[in-house]
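Here is how the chains run, residue by residue.
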Protein chains: 4
Amino acid sequence: MPTNPTLNLGLIGAGRIGRVHAENIALRIPNARTLIVADVDEAAAQRCADEFRVNFAVKDYRMVLDSPAIDAVLICSATHTHAHLIQEAARAGKHIFCEKPIDHNLTVVDAALAAVDAAGVKLQIGFNRRFDANYARVRRAIAEGEIGAPQLMHIISRDPAPPPAEYIAVSGGLFLDMMIHDFDMARFLLGSEVTRVYAAAANLVDPAIGEAGDVDTALVTLTFANGALAVIDNSRRAVYGYDQRVEVLGSAGAVRTENNYPNTMLLLGPERIARDLPLHFFMERYQESYRAELQAFVDAVLNHAPVPVTGADGRAPIVLAEAAARSVREGRVVEIGE
Amino acid sequence: MPTNPTLNLGLIGAGRIGRVHAENIALRIPNARTLIVADVDEAAAQRCADEFRVNFAVKDYRMVLDSPAIDAVLICSATHTHAHLIQEAARAGKHIFCEKPIDHNLTVVDAALAAVDAAGVKLQIGFNRRFDANYARVRRAIAEGEIGAPQLMHIISRDPAPPPAEYIAVSGGLFLDMMIHDFDMARFLLGSEVTRVYAAAANLVDPAIGEAGDVDTALVTLTFANGALAVIDNSRRAVYGYDQRVEVLGSAGAVRTENNYPNTMLLLGPERIARDLPLHFFMERYQESYRAELQAFVDAVLNHAPVPVTGADGRAPIVLAEAAARSVREGRVVEIGE
Amino acid sequence: MPTNPTLNLGLIGAGRIGRVHAENIALRIPNARTLIVADVDEAAAQRCADEFRVNFAVKDYRMVLDSPAIDAVLICSATHTHAHLIQEAARAGKHIFCEKPIDHNLTVVDAALAAVDAAGVKLQIGFNRRFDANYARVRRAIAEGEIGAPQLMHIISRDPAPPPAEYIAVSGGLFLDMMIHDFDMARFLLGSEVTRVYAAAANLVDPAIGEAGDVDTALVTLTFANGALAVIDNSRRAVYGYDQRVEVLGSAGAVRTENNYPNTMLLLGPERIARDLPLHFFMERYQESYRAELQAFVDAVLNHAPVPVTGADGRAPIVLAEAAARSVREGRVVEIGE
Amino acid sequence: MPTNPTLNLGLIGAGRIGRVHAENIALRIPNARTLIVADVDEAAAQRCADEFRVNFAVKDYRMVLDSPAIDAVLICSATHTHAHLIQEAARAGKHIFCEKPIDHNLTVVDAALAAVDAAGVKLQIGFNRRFDANYARVRRAIAEGEIGAPQLMHIISRDPAPPPAEYIAVSGGLFLDMMIHDFDMARFLLGSEVTRVYAAAANLVDPAIGEAGDVDTALVTLTFANGALAVIDNSRRAVYGYDQRVEVLGSAGAVRTENNYPNTMLLLGPERIARDLPLHFFMERYQESYRAELQAFVDAVLNHAPVPVTGADGRAPIVLAEAAARSVREGRVVEIGE
């Protein structure tokens, strides 16, 4: 009796997000397993292997790419290594799941995507929020015509606290590091491409961020090919926690989402009616979406089906992030493709 | 025994908003009464007088201004007559409550404001939303430091349906006719002045509006002197009804408001959980604010106190509306005072 | 030219609720006016007359009943005077609006209702909550079949704080003084009569209430002739304010209402998400319903139409209050009509 | 290097709830594994073993009890077998996790609990809702004094649809089969014992349930030793789905919970504002609580710590269910221990 097929994965990068994927594969994705985990910090690789039932922990990612047992790799290493690893993995004939962003530099991105095309392997980019129940439901509402033609959209995406200053310096900036998720979400929800970008941004949260040459607060207006208008609101710090909402006005209705909470309790006291804060940050808020995106990748590879988030989907938000950064730098509206 | 003082009002314009004020004075403002109502449509003036206990109905507004019994006038006539009437009323020594906008033309506005200054009379502009419980509560939260320094604001303001095409043609356009309330709200809530405007706008609701040279959908980004960023979202048609919300992120917290509803009932059925639509339009939604703004005007005049919405408050949103219109026309960011 | 008819009212009792009615008649009910106000405290009557445009203030209610100008009387005096005044007013041929309850004693109630019948005048009882937008909407949902056949109902009705101990002593007890509104609401919403009552009650809020021989906390289960079951929850003190909600499960759906709030603002802080407390007490919460019930009475009299809350509607909740009190006293289930 | 200890489990009963536990052990509980699964339907046992990484599938539960490798058993078989299996497992020296109810007959329950005591093994009863985030948060609010002394409680617990008629016949009736969870919840939340029960109940949902001698709709009033009053609302059918809520009024505040939903989306259309229905039934709604209760059991056994839901906790709701059934049968209030 043939057993169900299982996808053999190699994990490159055993940091925070790598461990999320390793745990999901170990516990929640029945048709995949991690055979090898590689990390330049070999002890980190070993801890990850011990915890999540991975057979081998190595220092050198090439041992992953060289292994004939590996069907696909998960690239969860530092951003500046993504494009190079994509190219090598593609040449090794491995299917690829890569965390966002592919790279900060479009030329580098394009080289990586070309290598993927040349090798004929699958590449899925880690825009996990598409797999979240709220956003997926909004997408469905739009795709199935529940609100008619989209006209106006607000995406609100605020972190509970800024990352350390040293991270800011290498992050690529707010637009590439943080808003990139929202640029992807905007394209995903509206199903149309952006033609024009205007970014108003400021350093209001932490002077250290400004000193590092970055902004921490931004409103970015997008004009879409289908005529819709959208604004993305990013802040590095909302003291009440992780704020992840969207609303879309259409010609026949509108949709709105709310944050997710650890419980539904209302506490009614003599001064106010209160509830607990939303799920604190992305690890709690988007937990299920990380599982779902990886399950989708595993299924796409096993079924020879298209991946749900393509290399082109990984490239487009980088273009928008560059345009937003230029808009701030030059204090003007930027046309895509100008 | 001295009775409490009563303010004697003359009403100029017996259309929709004039009748709202007449009814409030008759039924809900104990220390004021309408002595005369004037309208170029004398029958309309008479109907208004009959319904709301007004002694005299006349065709010529000059009979109002000439009457020594009149302490103050309410200017509720067509927009293009506002500035002229303000000047005449000021010269007649009457205190003035005038509906928004003062005029579409800043030169005309400035002449009117100069006449008010010269006469030393009071002028209050009809930005009623400042007196709404939701917006007033948000203003209080900001003014009393409940959210720290404001950083990001969204104002959503959508009508249930567009006005007739013939009205659009004389309305002054979306920014002067509709968004002017939101420009005022932005200044009111943040307590700071706008320095830069970018308007993305489109004709998505009704082709007739585009043919009349106007837009019906807009996202306007404002940069404030205090560093805050704001976006105003306007649509001439939200099929679910009048949508009037605001949210402000501050350094120490955030505030959000919801729409107002005719009841709180949830109806839980086999397909969905539903509630009735929000209060339909401004007459229902802002009913109480119309009373409150007029009560504030009456009290300010009787108590020789400052009015809560000044001529300068009436002028500033017109500047912003002009800037937004220019931003759309020229496809660029506009600096205030450029 | 015939003017619209106006109902001439006499007000008996210038206390808190009498003043609510006087203000509504003066300001918000165009087709009625109060000609006389009577109160044993003549100064109170005079203050009421001064404030609310009433021509005459008198000490003796008989001056109201004797006046041929008076079409109808509003009985807003102490509860123990209601039944007697109803009888006298009926004999004087006046239509009657009487505050609840008619009396604590059913024999006395029945004598009053007999006098009304004999005189052929109209009698409306002041169950104002039927005219509240939330409850009226729930009634409509049930009456129009939006939830099918009602099966289970919860009525929650809690005061923000108990009345003074001296009031408790003469109040008739929780069931007659407070829950009587909820007994009426139960009958109104379900459109069926109660057949069985079980009351669990306790003295948990204030020992003084127990010492006065009353309870302050109760859960009363009602079985209805149509098979539905209901529970009424009363407390003399909810520290978060006036709590007035209902929910009904039906065979095809369910309805629920929420409390009403002074504003819709959410305040999101570092510890919690909060909103302001609900409208504090019945004067704020049910303000509009007081106007609506009186308008309905005025219109019913002027139009020779049935009143919406009859004498029988006033009697039935007293029967239920008696049954609930007996259930507590005897620690058993009580059949109505046993 | 010593590895972390792992608890070796045997599963008796591979039906719906047994499979839930098997999946949790396989995927979400790192320190336990299922070594054997037994079911009288051997094919069901085999399917369960295949899917959830269980080594052995057997027909006879005695093979589980006889295995020295087994530390603890999960009793997930039909209710009438629970007590007997508890006794046998206790004699075999196995720790026991048993689904509710222990038995329909208190004498049988007591014999089972005596066997557990005699053997000195641990017994945890499957009241999973205690581990749900909403109820756990309410318990914490009460235990930590956030609402003062509890006074009034409503527990609403309605199924989306009744079970098949053949199940009703062997279910033990609404109070033992369905409301038992709510009796446990009432004790858990208030931390006090019930002294008096009154049950109003009816057959309103499906005549077949009445023909099987059961009710499908009930309101049960509980009086607690600490003075608090509670009502439990059960219906076998809420057409809008699984309704699981609680609210508690205390002397210093109140708490309320809401249902859980698959997403937070609001859909605003021209007729209504709507959201999707709540999570459909207990498998979706309480998914996480099943994991948490089993994790708690595994940890309690491994750490030689007390279990969070004891045999006494399993017995008490059966006493209440019997009292409620008697209350309906005899149409009267029932004292616990009368």
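As the structure is a prediction and not an experimental result, all values here were calculated from the model.

Conventions we followed
Residues numbered from 1 in each chain as written. Chains lettered and ligands numbered in written order. Predicted model: local features only at pLDDT ≥ 70, side-chain atom pairs only at ≥ 80, totals over all residues. Helix = DSSP H or I, 4+ residues; strand = E, 2+ residues; numbered from the N terminus. Rg over C-alpha atoms; globule rule 2.2 N^0.38 Å. Buried ≥ 20, exposed ≤ 12 C-beta atoms within 10 Å, placed from the backbone. Contact = placed C-beta atoms within 7 Å. Nonpolar A, V, L, I, M, F, W, Y, C, P; charged D, E, K, R; others polar. Pairing = 2+ DSSP bridges. Least-squares fit on C-alpha atoms with pLDDT ≥ 70 in both. Right-handed = clockwise from strand over helix to strand, strands pointing away. Axes fitted to C-alpha atoms, helices over the stretch in contact; angles between N-to-C directions. Left-handed = near helix turned anticlockwise from the far one by under 90°. Domains from an automatic or database assignment. Bend = angle between axes of the 7 residues up to and from the residue. Parallel < 35°, antiparallel > 145°, perpendicular 65-115°, else oblique. pLDDT = per-residue confidence, 0-100.

> Just give me the short version of the overall build of chain A, but keep the residues and values in it.
Along chain A, the regular secondary structure elements total 13 helices and 15 strands. Computed over C-alpha atoms, the radius of gyration of chain A comes to 20 Å, within 12% of the 20 Å expected from 2.2 N^0.38 for 338 residues, which places it in the range of a compact globule. Taken along the three principal axes of its C-alpha coordinates, chain A extends 60 × 55 × 45 Å. Burial status across chain A gives 58% buried among its 338 residues. Long-range pairs, those at least 24 residues apart, make up 70% of the contacts in chain A with a sequence separation of at least 6.

> Summarise the interface of chain A and chain D; cite the residues concerned and give the values.
Counting from both sides, the interface comprises 23 residues of chain A and, opposite them, 23 residues of chain D. Tallying contributions element by element places helix H6 (residues 133-143) of chain A first for the side of chain A that touches chain D, with five residues. Of the residues in the side of chain A that touches chain D, the class split is eleven nonpolar, seven polar and five charged. One ladder, built from three bridges, connects strand S12 (residues 253-256) of chain A with strand S13 (residues 266-268) of chain D; its direction is antiparallel. Bridging from a neighbouring strand, Val255 of chain A pairs with Leu267 of chain D of S13 of chain D.

> Just give me the short version of the relation of the copies chain B and chain A, but keep the residues and values in it.
With an RMSD of 0.0 Å, the operation that places chain B on chain A is a rotation of 180° combined with a shift of 0.0 Å along the axis. In short, the pair behaves as if placed about a two-fold rotation axis. Comparing interface residues between copies, 100% of those in chain B also sit at the interface in chain A, which points to an isologous, same-surface contact.

> Could you give an account of the interface of chain B and chain A, with specific residues and numbers?
On the side of chain A, 27 residues touch chain B, which itself brings 27 residues to the contact. Secondary structure elements with two or more residues in the side of chain B that touches chain A: strand S7 (150-158), strand S8 (194-202), strand S9 (217-224), strand S10 (229-235) and strand S12 (253-256) of chain B. When the residues that make up the side of chain B that touches chain A are grouped by side-chain class, the tally is 15 nonpolar, nine polar and three charged.

> Report on the pairing of strand S5 (residues 95-98) of chain B, specifying residues and quantitative values.
All names here are of chain B. Of the two faces of S5, the one lined by His95 and Phe97 and the one lined by Ile96 and Cys98 are each fully buried. Relative to S5, strand S4 (residues 72-75) runs parallel, the two being bridged by four bridges. Residue pairing in the sheet places Ala72 in a bridge with His95 of S5. The parallel pair S4 and S5, bridged by helix H4 (residues 79-91), forms a crossover whose chirality is right-handed. For the crossover from S5 across helix H5 (residues 106-119) to strand S6 (residues 123-125), the handedness is right-handed.

> Report on the sheet that holds strand S1 (residues 7-12) of chain C, specifying residues and quantitative values.
Two strands in a sheet stick together by hydrogen bonds in their backbones, pointing the same way (parallel) or opposite ways (antiparallel). All names here are of chain C. Spatial ordering of the open sheet is given by S3-S2-S1-S4-S5-S6, a layout of six strands whose pairing is parallel. Pairing within the sheet leaves two strands with one partner each, and these edge strands are strand S3 (56-58) and strand S6 (123-125). If you compare each strand with its neighbour and ignore which way they point, the axes differ by 25° on average. Along the sheet, helix H1 (residues 16-27) makes contact with S1, strand S2 (32-38) and strand S4 (72-75), crossing S2 at roughly 145°.

> So what's going on with the packing of helix H9 (residues 179-190) of chain C against helix H13 (residues 311-330) of chain C? Residues and values would help.
Residues and elements named next belong to chain C. For the pair H9 and H13, interaxial distance at closest approach is 9 Å and the crossing angle is 115°. The hand of the H9/H13 crossing is right-handed. On the side of H9, the interface is formed by Met179, Ile180, Phe183, Asp184 and Arg187, while H13 contributes Asp313, Ala316, Pro317, Leu320, Ala321 and Ala324. The residue inventory of the contact of H9 with H13, partitioned by class, reads eight nonpolar, no polar and three charged.

> So what about the domain arrangement of chain A? Which residues, and what values?
Residues and elements named next belong to chain A. On domain assignment, one finds that chain A holds domain 1 (7-121) and domain 2 (130-285 + 317-335). Once you take the C-alpha centre of each, domain 1 and domain 2 turn out to be 28 Å apart. Taken together, the seven residues of domain 1 in the interface contact six residues of domain 2. Of the residues belonging to the side of domain 1 that touches domain 2, the class tally is four nonpolar, two polar and one charged.

> Explain H4 of chain B residue by residue, including any values.
Residues and elements named next belong to chain B. The largest bend in H4 amounts to roughly 25° and is located at Leu85. Those residues of H4 that fall on the buried side of the exposure criterion are His82, Ala83, Leu85, Ile86, Gln87, Glu88, Ala89 and Ala90. A positive phi of about 80° marks Gly93, the residue just after H4.

> Which residues make up the packing of H4 of chain B against H5 of chain B, and what are the values?
For any two helices packed against each other, one specifies the crossing angle of their axes together with the interaxial distance. Residues and elements named next belong to chain B. Between H4 and H5, the shortest axis-to-axis distance is 8 Å and the interhelical angle comes to 10°. The pairing of H4 with H5 is recorded here as roughly parallel in orientation. The crossing of H4 and H5 is left-handed. Counting all contacts with H4, which are made through Ala83, Ile86, Gln87, Ala90 and Arg91, the residues of H5 involved are Val108, Val109, Ala111, Ala112, Ala115, Val116 and Ala119. For the contact of H4 with H5, the class distribution of residues is ten nonpolar, one polar and one charged.

> How would you summarise the confidence of the model for chain A if you had to cite specific residues and measurements?
Chain-level pLDDT for chain A is 96 on average; 99% of the residues reach the 70-or-more range. If you check the scores for this complex, the pTM reads 0.96 and the ipTM reads 0.95.

> Requested: an account of the environment of Ala238 of chain C, with residues and values cited.
All names here are of chain C. Structurally, Ala238 can be placed in the loop between strand S10 (229-235) and strand S11 (243-250). With 24 C-beta atoms packed within 10 Å, Ala238 lands in the buried category. It is 4.9 Å that separates the C-alpha atoms of Ala238 and Pro160, two residues lying 78 residues apart in sequence.

> Got a sec to walk through the environment of Gln46 of chain C? Specific residues and values, please.
All names here are of chain C. Considering the arrangement of structural elements, one finds Gln46 in helix H2 (residues 42-51). A residue is classified by how many C-beta atoms lie within 10 Å of it, and Gln46, with 18 of them, is partly exposed. Residues Gln46 and Lys59 lie 13 residues apart in sequence; the distance between their C-alpha atoms is 9.2 Å.

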